[in-house]
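As a plain string of letters, each chain reads:
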Amino acid sequence: MTDSDNPTVSFTDVEATICHIAHMIEEDKLYFVQMAGAPLMALLLGKTTRAPNVGYVVEEGAVCPKPEFPLPRMMLGSSRSHFRAVQWTGMLTVDSHAALGFMDYGLLAALQVDRFGNFNSTHIGGTYDQPERRFGGPGGANEIASQCWRTIIMTKLQKRKFVEKADFVSSPGYLDGSAGARERVGLPPETGPWRVVTAEATFGFDAETRQMRLDALAPWVSVDEVLEKMDFRPLIANNLGRMEVPSEDELKIIRADIDPGGLSTGRGEWMTIDSTTGKRAG
Amino acid sequence: MTQAPPILSAGRGEFIAPDPDAFRRYVRDHKDRRLVSKLITEQEAVARYVSDGDYLAYDQNVAVRGPASLFREIIRQRKKDLWVMAKFTWTDVSLLVAGGCVSKVDVGWMGTGPLLNRAMKAGKVKLIEWSNGALAYRLLAGSLGVPYLPMRYLGGTDTFEQSGAILTEDPYNHKPICVVPALNPDVALIHAHQADIYGNTRVFGAGICPVEMAMASKKVIISAEEIIDTGEIRRQPQRTTIPYYLVDAVVHAPFGSYPGSTQGLYGADLEQWLAFAAAEAQDKTDEYLEHWVYSMASHEEMLEKRVGQAKMDALRAAETLKEGYYD
């Protein structure tokens, strides 16, 4: 129940992040999306709601498919995910398309991200040889984050995720942040992280210093609340943008078509937001 | 002119030194160029072509078109000390670790859990870091018969530090460039939609790099959903993914990627697949393996007694999309 008569909307932080990224999808660009899961769901939501003809490739070599909804719960590489592609090829081909400069955006998820957009998907705690907790590894993230022109990273706004130093740099951001750092290790010039997106805040990177910069806020959080959830202090944009509240229509598409059963999106922190004010309800 | 290219930085990851000349000699001396039937049982294929200590590569994973029945046969035959390529995989590595088959893993991406964490902590399994693309790229180098290839990623990261990649200088323009060593696996497992008895193979749909893997590997085992006539192969040569002379063994394995799916044929059995995760969480993978692998003499027996015709019919019915695969 809420104090006012305004309608409310309930969603998880994962669903909110998916909606925020969907709002960024541009129809005249090509996207390289990492595996299945939330990054692909974000692209598909954007394709459904605002950019029907946007092209994307996935690591296993499906080029610009038009997936058949509802997607199966085990969507990775399935026939429904690859339906009506323009080409079925392999990983080496799509990776090369990124190396050639065709991929405008890489779309990825990360366990940890640092000030310069370097990110971790390998282990948390301990050492490489004796990790406290081992995760899947970079997968295709390294080649995507190295070779696409711009990289969009999705993660959760938590102190243990926005860290001064990642436990392991699986994939490159701006490395030590110095000018030309990526080029000095053989990566293509003029590439790098472009946005880091969470349910509550969106970050960009300062052109001069390559440091992460808070660019936009969800209406239900304040700058201080965002900073409290970070291990380092980012730069803060002069004019902070306001992120949109996920709409019922978007949530319906996620829950009915893109992630039926909520295997990826149902897990997470639930919140109820007043659709008019954008503030937390109840 | 004799100056070597500078090594600007080198990862510390272990790898088998590429030797394209040795690979050529292996091909000359061991690969059968005759058009003869290679159709054998799964038991025979694994006994003959998978040895303890082998470097094992496979295409796709337990979710889609992976060689799952061959994994189970490897576990059943208690193969040991395998060095496994885990590019674009899922719980495959955990399954093989549960079976005691693995000592090293080249990581691109793999499903992880308590089992793998424990094996790492106990020093039973050693990981070497690459990425999905880097492992596929190493197979590409292996398939081209060259010792290494330059590439535009890996550099600057901890992944690079834990890999066998080298940062050197482009000999033409003197800019920094990362190179990775060619990979020539001892054995490759590739699950396919169709093959003839000689090994001419059709893999439908998107894949990772089945062609490069078959070319790069010393021994190649194909498991096929369907054995088709060679006349059919020759009528539509464009559909051939792998020609016969690359292949050492052909196994007929309907539902060969069960509990995963094979595109155009059957859907995944999510419940069975989650049963492994549950067994892992409860430290009961031995029971899981006993039920699904050790107590069954063959893939056929497992399908009959553990999966059952009704379930197989349901999984076939669940895969409604044929377009692009069978039309």
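Residues numbered from 1 in each chain as written. Chains lettered and ligands numbered in written order. Predicted model: local features only at pLDDT ≥ 70, side-chain atom pairs only at ≥ 80, totals over all residues.

Draft legend 1. Spotlight on the pairing of strand β15 (residues 235-242) of chain A. Residues and elements named next belong to chain A. When strand β14 (residues 212-217) meets β15, the two strands line up parallel, connected through four bridges. What sits directly across from L217, in β15, is R242. Note on the crossover from β14 through helix α6 (residues 223-228) to β15: the handedness is right-handed. (Pairing = 2+ DSSP bridges. Helix = DSSP H or I, 4+ residues; strand = E, 2+ residues; numbered from the N terminus. Right-handed = clockwise from strand over helix to strand, strands pointing away.)

Draft legend 2. Molecular detail of the interface of chain B and chain A. Each side of the interface is counted separately: chain B has 48 residues, and chain A has 50 residues. Within the residue set of the side of chain B that touches chain A, elements represented by two or more residues are α5 (114-121), α6 (132-144), α7 (158-161) and β8 (176-181) of chain B. Looking at the side of chain B that touches chain A element by element, the count peaks at five residues for α6 of chain B. When the residues that make up the side of chain B that touches chain A are grouped by side-chain class, the tally is 23 nonpolar, 19 polar and six charged. (Contact = placed C-beta atoms within 7 Å. Nonpolar A, V, L, I, M, F, W, Y, C, P; charged D, E, K, R; others polar.)

Draft legend 3. Spatial organisation of the packing of helix α1 (residues 13-22) of chain A against helix α7 (residues 248-258) of chain A. Residue and element names in this part refer to chain A. Contact geometry of α1 with α7 gives a least axis separation of 11 Å together with a crossing angle of 110°. Relative to α7, the element α1 lies roughly perpendicular. At the point where α1 passes α7, the crossing takes the right-handed sense. Here E15, I18, C19 and A22 of α1 lie close against α7, whose contacting residues are E250, L251 and I254. Tallied by class, residues from the contact of α1 with α7 come to five nonpolar, no polar and two charged. (Axes fitted to C-alpha atoms, helices over the stretch in contact; angles between N-to-C directions. Parallel < 35°, antiparallel > 145°, perpendicular 65-115°, else oblique. Left-handed = near helix turned anticlockwise from the far one by under 90°.)

Draft legend 4. Spatial organisation of the environment of T89 of chain A. By secondary structure assignment, the location of T89 of chain A is in the loop between β5 (87-88) and α3 (91-99). Taking C-alpha positions, T89 of chain A is 9.8 Å from E59 of chain A, a pair spaced 30 residues apart along the chain. With sequence-adjacent residues up to four places away left out, T89 of chain A is seen in contact with G61, V63 and V94 of chain A together with A206 of chain B.

Draft legend 5. Quick look at the sheet that holds strand β7 (residues 166-169) of chain B. Residue and element names in this part refer to chain B. Ordered in space as β1-β7-β8-β6, the four strands form an open sheet in which the pairing is antiparallel. Of all the strands in the sheet, just β1 (9-10) and β6 (148-151) have a single pairing partner and so form its edges. In this structure, β1 lies alongside β7, joined through two bridges in antiparallel fashion. Paired with S9 across the bridge in β7 is L167.

Draft legend 6. The arrangement of unusual backbone geometry in detail. Put simply, F69 of chain A and P70 of chain A share a cis peptide bond, and its omega is -5°. The topology assignment puts P70 of chain A in the loop between β4 (62-63) and β5. The linkage connecting Y258 of chain B with the following residue, P259 of chain B, adopts the cis geometry, with an omega of 10°. Phi at L175 of chain A is positive, roughly 55°, even though this residue is not glycine. Phi at R210 of chain A takes a positive value of approximately 60°, unusual for a residue other than glycine. Relative to the helices and strands, R210 of chain A is located in the loop between β13 (201-205) and β14.

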